[in-house]
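This is what each chain is made of:
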Amino acid sequence: MCTCHEHAEQPARRDFLRLAGVTVATAVTASLLPTHALAASPAEPPKPENQLSPQAAFDRLMAGNRRYIEGVARRHDFLAEREALVSAQNPFVAVLSCADSRIAPEYAFDTGRGDLFAVRVAGNLVNDDGLGSLEYGVAVLGIPLLMVLGHEGCGAVEAGVKAVRDKASFPGHIQRLADAIAPAVKATLDKPGDPLDNAIRQNVLDNMRLVKERSEILRTAIDEGRLKLVGGLYRLADGKVELLG
Ligand SMILES: [Zn+2]
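Reading the values: rules and limits
- Residues numbered from 1 in each chain as written.
- Predicted model: local features only at pLDDT ≥ 70, side-chain atom pairs only at ≥ 80, totals over all residues.
- Heavy atoms only, no water.
- UniProt positions renumbered as here; feature names shortened; annotations may be inferred.
- Helix = DSSP H or I, 4+ residues; strand = E, 2+ residues; numbered from the N terminus.
- Buried < 20%, exposed > 50% of the residue type's maximum accessible area, 1.4 Å probe, protein only.
- Donors = N, O, S within 2.8 Å, 3.2 Å for Na, K, Ca; no water.
- Contact = heavy atoms within 4.5 Å.
- Expected span 1.5 Å × (residues − 1).
- Pairing = 2+ DSSP bridges.
- Axes fitted to C-alpha atoms, helices over the stretch in contact; angles between N-to-C directions.
- Phe/Tyr/Trp six-rings, centres within 6.5 Å; stacked < 30°, edge-to-face > 60°.
- Salt bridge = Lys/Arg side-chain N within 4 Å of Asp/Glu carboxyl O.

Per an unreviewed UniProt entry, the chain goes by carbonic anhydrase and derives from Metapseudomonas resinovorans NBRC 106553. Taken verbatim from the UniProt record of the chain, the Catalytic activity (unreviewed entry) comment is "hydrogencarbonate + H(+) = CO2 + H2O". Taken verbatim from the UniProt record of the chain, the Function (unreviewed entry) comment is "Catalyzes the reversible hydration of carbon dioxide to form bicarbonate."

Encoded structure:
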């Protein structure tokens, strides 16, 4: 069996280097990425079952949500998982979700450790740090699926609605959240139905668009079929994730 460095290197790392170009990759190598991501990785990923096509990853994600809805979530052996994941990770999905404590994407999709790469911020907003995290997940870890996940009764979106409709202002950095959500509120203000629900749905769609607009790495991965981008809405009462977009 070949044990040379080139062949022991994980495909995701080779893709990243090709994607980013040698110059950028060298700079990233020197400054940003943890050494474990750049060292010669074991040929076998810690979770071989997570090496999935974008569509297979999506099917697995939604099957996990169905188990969660029905209350038949699997028992996760954290003891064995901890040991397998000491040296590396290869999650099969990245989720950009709200920070709301009622959502918990790992539970909502019945995933174990090392399966789901979570980026969470109130209002499930795309920002620079979140984009960097998602780019790392896709370009370095090789994640094939990205979901932007909003939810019913989102307080951050409600702040955006109040800021637009009632000219409300909020203390500290909360205003930044309200301002970031304002475009989704304005776009749906005149539509029939519940203004908050409409804005929550539009905010998911807006942030899916921003993922592609603002990240060349993620856009290229989508265009090349290496990454599937989907939107979801988590329902509080039954835990169902409704697909959007
Ligand atoms: Zn929320």
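After that view of the structure, there is still more to cover.
**Student:** Just checking my understanding: could you explain the overall build of the chain for this structure?
**Tutor:** Within the chain, the regular secondary structure consists of twelve helices and five strands. The burial tally for the chain puts 46% of its 245 residues in the buried class.

**Student:** What's the story with the coordination of the zinc ion in this structure? I'm lost.
**Tutor:** Here the zinc ion is held by C98 (SG), H151 (NE2) and C154 (SG), and the distances to it run 2.0 to 2.3 Å. Along the chain, the residues donating to the zinc ion are arranged with the sequence spacing C-x52-H-x2-C. Taken together, the positions of C98 in the loop between β1 (93-97) and α7 (105-108) and H151 in strand β3 (residues 145-151) put the pair 53 residues apart, joining distant regions of the chain. The same class applies to C98 as to H151, namely buried.

**Student:** I tried to follow helix α9 (residues 155-165) on my own but got confused; where do I start?
**Tutor:** Helical geometry: 3.6 residues make up each α-helical turn, so side chains three or four residues apart lie on a common side. All buried positions along α9 are accounted for by A156, V157, A159, G160, V161, A163 and V164. The inward-facing, buried residues of α9 abut α10 (174-188) and α11 (195-214). Following α9 by one or two positions, K167 has its phi on the positive side, about 55°.

**Student:** Whenever I open this one, helix α8 (residues 128-140) confuses me. Can you help?
**Tutor:** In this model, α8 (13 residues) spans 17 Å end to end at C-alpha, consistent with the 18 Å of a helix rising 1.5 Å per residue. All of the buried residues in α8 are G130, L131, L134, Y136, G137, V138, A139 and V140. Looking one or two residues past α8, G142 carries a phi angle of roughly 75°, positive in sign.

**Student:** In this structure, what is going on with the sheet that holds β1? I would like to understand it.
**Tutor:** Hydrogen bonds along the backbone pair up the strands of a sheet, which may run parallel or antiparallel. Pairing in this open sheet of five strands is mixed, and the strands run β2-β1-β3-β4-β5 from one edge to the other. Both edges of this open sheet fall to β2 (116-120) and β5 (241-244), since each of them pairs with a single strand only. Strand after strand, the sheet turns through a mean of 30° between neighbouring axes, direction not considered. Here four bridges tie strand β4 (residues 228-234) to β5, and the two strands are oriented antiparallel to one another.

**Student:** Quick question: what am I supposed to make of the packing of aromatic side chains here?
**Tutor:** Aromatic ring pairs are described here by two measures, namely the spacing of the ring centres and the angle between the planes. Counted by the stated rule, this structure contains one aromatic pair. With a centroid separation of 6.4 Å and an interplanar angle of 40°, the aromatic rings of Y68 and Y234 are classed as tilted. Within this pair, whereas Y68 is found in helix α5 (residues 54-70), its partner Y234 is found in strand β4, the two being separated by 166 residues in sequence. You can call Y68 partly exposed: its relative accessible area is 26%.

**Student:** Quick question: what am I supposed to make of the pattern of salt bridges here?
**Tutor:** Pairs can form between side chains of opposite charge once their charged atoms are near each other. Per the stated rule, a full pass over the model turns up 14 salt bridges. For D100, the salt bridge identified is with R102, shortest N-O distance 2.8 Å. The salt bridge involving E224 is made with R226; its shortest N-O contact spans 3.0 Å. Classification of E224 by relative accessible area gives exposed; the value is 52%.

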